[in-house]
Amino acid sequence: MRIWLPYPLLSIALLIIWVLLNQSVAPGTLVMGTILATGLSWVTLKLSPVRSHPHRILLILRFGFAVALDVIRSNLAVVGVILRGRRRPPSSGFLTVDIDLEDENALALLACVMTATPGTAWLEYDRGRKSLLFHVLDMENEDVWLDTVKRYEAALKEIFG
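Residues numbered from 1 in each chain as written. Predicted model: local features only at pLDDT ≥ 70, side-chain atom pairs only at ≥ 80, totals over all residues. Heavy atoms only, no water.

## Re the sheet that holds strand S1 (residues 93-98)
- Read across the open sheet, the three strands follow the order S1-S3-S2; overall the sheet is antiparallel. Strands with a single pairing partner mark the edges of an open sheet, and in this sheet they are S1 and strand S2 (120-126). Ignoring strand direction, the axes of neighbouring strands in this sheet form an average angle of 25°.
- Contacts from helix H4 (residues 104-116) reach S2 and strand S3 (131-136), with the element oriented near 150° to S2.
- Sheet contacts for helix H5 (residues 142-160): S1, S2 and S3; angle to S1, the most-contacted strand, approximately 40°. (Pairing = 2+ DSSP bridges. Helix = DSSP H or I, 4+ residues; strand = E, 2+ residues; numbered from the N terminus. Axes fitted to C-alpha atoms, helices over the stretch in contact; angles between N-to-C directions. Contact = heavy atoms within 4.5 Å.)

So, in structure tokens, the structure goes:
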């Protein structure tokens, strides 16, 4: 069974997503979705993702709560930027932060958090210099953003460490 479907749950999830995107359960849609889901699960075999073992469930919950609060704060800040409009345009910019995360899954989670936070976008991670480049919509206080990334980094080190 593993030969045909190396990751059966991934294949099923991809098929469901395909059907939802096409908004149809016609036979052609199901056949095409099955072919894509199976093919993509074979492709993921070549990726051989690194397995991480997160620790401290309470810390994970605290991290999630902190991220949720930061997302709410950032939403409010973006609303402020939109409402003040032309009176005071946002001071967008790029920030480079040196980070010391080694775990690829922790880096991926940090990328998701930074990109999901309104007003920020993860752009690049340089492995050689161990630096993260991201864009901030309104960079009134650069130190706040640097402290936020460092806070996330410290929490992810504890979770994945």
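## Regarding the pairing of S1
- The two faces of S1 differ: Gly93, Leu95 and Val97 on one face are buried, but Phe94, Thr96 and Asp98 on the other face are not.
- Bridge count between S1 and S3: six bridges; the pairing is antiparallel. Looking across to S3, one finds that Val97 is bridged to Leu132. (Buried < 20%, exposed > 50% of the residue type's maximum accessible area, 1.4 Å probe, protein only.)

## Notes on the nonpolar core
- Judged by nonpolar contacts, the single largest core of 26 residues is most densely connected at Phe63, Ile99, Leu110, Trp122 and Phe134.
- Elements with a minimum of two residues in this core: helix H3 (57-84), S1, H4, S2, S3 and H5.
- A total of seven residues in this core trace back to one element, the largest contributor, which is H5.
- Excluding anything up to four places from it in sequence, Leu110 contacts Ile99, Leu101, Trp122, Leu132, Tyr152 and Leu156. (Core = buried A, V, L, I, M, F, W, Y, C linked by side-chain atoms within 4.5 Å.)

## Considering helix H1 (residues 8-22)
- Counted at 1.5 Å a residue, the expected span for H1 with its 15 residues is 21 Å, and the 21 Å between its end C-alpha atoms agrees.
- Two residues or fewer past H1, Gln23 is found with a positive phi of approximately 50°. (Expected span 1.5 Å × (residues − 1).)

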